[in-house]
Amino acid sequence: MPNLIVRNIDDEVAAELKRRAAAHGVSAEAEHRRILRSALLAQPKRRSFAEVLANMPDVGEDADFERSRE
C-alpha cells in the first residue's frame, strides 16, 4: 500500500484533524485516511446524459414550444 506524506499543513488544520481523531477515538493518521476516502470516493455516481434526459419531467408538448411567426 502506498504512503502519502503531506507537508506544510496549517496549524489550524492539524489541530482540527487531531480534534476530530480524538472525537472518533482514532489516530490522526486513521482520521486522515477516513477524510481522504470520504472526499475522494464517496462522491455520487455520475449519470450519463441519456439517464439525465430520461429523468426530465414532462413539461408539455412540442407545439407548446414552437416559435410564433409574428
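The residue numbering used here restarts from 1 in each chain and proceeds along that chain's sequence as written. Per-residue local features of the predicted model are confined to residues with pLDDT of at least 70, and side-chain atom pairs are confined, for both listing and counting, to 80 or more; whole-chain, interface and lining totals are unaffected and use all residues. To obtain the side-chain values, all non-hydrogen atoms of the structure were included, while hydrogens and water were left out.

Under an unreviewed UniProt entry, the name given to the protein is DNA-binding protein, and the source organism is Chromobacterium rhizoryzae.

Novice: Would you explain a negative patch on the surface in this entry?
Specialist: On the surface, Asp58, Glu61, Asp62, Asp64 and Glu66 cluster together to form a negatively charged patch. Take Asp64: it is sitting in the segment after α3 (49–54). When its relative accessible area of 54% is taken as the criterion, Asp64 is described as exposed. Every patch collects residues that have over 30% relative accessible area and no salt bridge, joining them within 9 Å if they carry like charges and within 5 Å if they are nonpolar side chains (Val, Leu, Ile, Met, Phe, Trp, Tyr). Surface accessibility follows the Shrake-Rupley procedure with a 1.4 Å probe radius. Residue values consider only the protein chains on display as shielding. One speaks of a salt bridge when a side-chain nitrogen belonging to Lys or Arg is within 4 Å of a carboxyl oxygen belonging to Asp or Glu. For the purpose of counting charges, residues Lys and Arg are taken to be positive, whereas Asp and Glu are taken to be negative. His and the chain ends are not included. One atom stands in for each charge, and that atom is NZ of Lys, CZ of Arg, CG of Asp or CD of Glu. By the criteria applied, helices consist of DSSP H or I runs no shorter than four residues and strands consist of E runs no shorter than two, each listed in order from the N terminus. The classification of residues rests on relative accessible area computed with a 1.4 Å probe and restricted to protein chains. Under 20% of the type maximum is buried, over 50% is exposed, and intermediate values are partly exposed.

Novice: Teacher, can you tell me more about the layout of surface pockets here?
Specialist: Rolled over the atoms, a probe with the dimensions of a water molecule shows which regions are left empty. Definitions used for this entry: grid spacing 1 Å over protein atoms alone; cavity, a set of points where a 1.4 Å probe fits but cannot get out; pocket, an open set with protein on both sides within 12 Å along at least 5 of 7 lines; lining residue, one with an atom within 4 Å of a point. Grid points are joined across faces, edges and corners, and a volume is the space filled by probe spheres set on the points. Of the pockets and cavities examined, the largest pocket occupies roughly 380 Å³. Each residue is assigned to one class: nonpolar for Ala, Val, Leu, Ile, Met, Phe, Trp, Tyr, Cys and Pro, charged for Asp, Glu, Lys and Arg, and polar for all the others, Gly among them. For the lining of the largest pocket, the class distribution of residues is 4 nonpolar, 2 polar and 3 charged. Considered as a void within the structure, the second largest pocket measures approximately 250 Å³ in volume. Every residue lining the second largest pocket is listed: Val6, Ile9, Val13, Ala14, Glu16, Leu17, Lys18, Arg20, Ala28, His32 and Ile35. Contributing elements (two or more residues each) for the lining of the second largest pocket: α1 (11–24) and α2 (28–41). Take the lining of the second largest pocket: its biggest share by element is 6 residues, from α1. For the lining of the second largest pocket, a count of residues per class yields 7 nonpolar, 1 polar and 3 charged.

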